[in-house]
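Fold and geometry: a report
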Amino acid sequence: MRVGGMSLRAREPVRLYHRRMFDRYLDLWGLVPDGGPILTASGGLLPVVRHARPAMLKVATCDEERRGNALMAWWNGQGAAQVWQHDGDAILLERAQPAPSLAALSAAGHDDDTMRIACNVVARLHAHRAPLVPPVVPLHDWFYALLSSDADNDVLRRSAAIARQLLAEPSVDEVVLHGDIHHDNILHFGDRGWRAIDPKGLRGERTFDYANLFCNPAHDIAADPVRFERRIAVVADAASLDRRRLLQWILAWSGLSAVWLMEDELPPDTRLAVAMLAAGALGL
C-alpha cells in the first residue's frame, strides 16, 4: 500500500515493536500505556493515559508523518483532534471513541449525512488561520506520479490532462490542505464531535480536499453511479463548490490514487471506476 506520495517499497522497513520506540515519550510526558501498539511503515501508535485522560501517542519515522504531526499541532484542535504535546517526531493526541464511525454510518444508509459531516470538518480545517504555518507540499509536487505516468489507459490519460489543467491555472481558494480526507480519517471525539486525524500536509485549491471522499468507504458505494451523482450534489451544496470543478478534482485525484496502487501492484478498481464516473459526468 502506498502512503501519501511515496511507495511503501521506498519507506523504512516496519520496525519490530520494542518499548524503546515509545519509552522516551512515556517518561517525558508522564504517560501510562493503555493497550498494545499499532505499527505501520511510517511510525507507530500507542494508546496511553495521561492525567487519567485517554490519549494516543503517535511517533513518526518518516518526514511525511513528521509533517503531518506538525500540521496537527498547528490546527490546535480546530477541526482536528487536539494535540496536547508535540516534538519533532511525536504528538500526543486526544483519543477518539470507537463508535460511531463514518464508514458504519454510510453502510447503514446514512451516506448523505457522512458526506455532510466530512464537509463540515474540512471547512473548519480550511478556515483555520494562525502564524508559523509548518512546511507543506504544493499540489503540483504531490501529483508527480500521475503527471509522469506512461500508463496505457484512457481514463488515466484523461486524469493526467485534467490535473495538468487544474495545476496550471492560478490557484483558486488556496489553503492549507489535509491531503487525505476519507471516512477513516474523520473520527468521533465525544462532546467535541467529529475531528480529522492523519493529514499529509499539502497546499493548494480547497476543492482538492473533498475528492478522496468519493473513493470511500467501500467499492459498492463509491462505484454506484446513482450514489455518485447524489454525492456530487450533496458535497457541492454543503461545501459551496462548483460542480464541474469538483468533478475535475475527483477525476484528477482518483487517477493519481490509481497510479499509486498500480505501482504497488495493488488493484486500482475503485479508483478507476470513480475516475470513469467523473469523466462521464464531465462529458469526456
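Turning to the layout of surface pockets, a few remarks are in order. Reported here for the second largest pocket is a volume of approximately 240 Å³. Along the wall of the second largest pocket there are 14 residues; nearest its centre are Leu45, Met56, Ala96, Leu187 and Ile197. For the lining of the second largest pocket, the elements supplying multiple residues, two or more each, are β4 (53–60) and β6 (90–94). Of the residues in the lining of the second largest pocket, the class split is eight nonpolar, one polar and five charged.

Right, let's get into the sheet that holds strand β8 (residues 174–177). Here three strands make up an open sheet; going across it, the order is β7-β11-β8 and the pairing mixed. If you trace the sheet from one side to the other, it starts and ends with β7 (137–138) and β8, each paired once.

The next subject is the packing of helix α7 (residues 154–168) against helix α12 (residues 269–281). The interhelical angle for the contact between α7 and α12, taken along N-to-C directions, is 65°, at an axis separation of 10 Å. Crossing handedness for the pair α7 and α12: left-handed. On α12, the residues that touch Val155, Leu156, Arg158 and Ser159 of α7 are Leu272, Ala275, Met276 and Ala279. In the contact of α7 with α12, the residues fall into six nonpolar, one polar and one charged.

Turning our eyes to something else, we now look at the packing of helix α10 (residues 225–238) against helix α11 (residues 243–263). Here α10 crosses α11 at 120°, and the two axes come no closer than 10 Å. Comparing the axis directions of α10 and α11 gives the class oblique. Our pair here, α10 against α11, has a crossing hand that is right-handed. For the pair α10 and α11, contact is made by Phe228, Glu229, Ile232, Val235 and Ala236 and by Arg243, Leu246, Leu247 and Ile250, respectively. Grouping the amino acids of the contact of α10 with α11 by side-chain chemistry returns seven nonpolar, no polar and two charged.

What counts, and where the lines are drawn
- Residues numbered from 1 in each chain as written.
- Predicted model: local features only at pLDDT ≥ 70, side-chain atom pairs only at ≥ 80, totals over all residues.
- Heavy atoms only, no water.
- 1 Å grid on protein atoms, 1.4 Å probe; cavity = no way out; pocket = protein on both sides within 12 Å on 5 of 7 lines; lining within 4 Å.
- Points joined across faces, edges and corners; volume = space filled by probe spheres on them.
- Helix = DSSP H or I, 4+ residues; strand = E, 2+ residues; numbered from the N terminus.
- Nonpolar A, V, L, I, M, F, W, Y, C, P; charged D, E, K, R; others polar.
- Pairing = 2+ DSSP bridges.
- Axes fitted to C-alpha atoms, helices over the stretch in contact; angles between N-to-C directions.
- Left-handed = near helix turned anticlockwise from the far one by under 90°.
- Contact = heavy atoms within 4.5 Å.
- Parallel < 35°, antiparallel > 145°, perpendicular 65-115°, else oblique.

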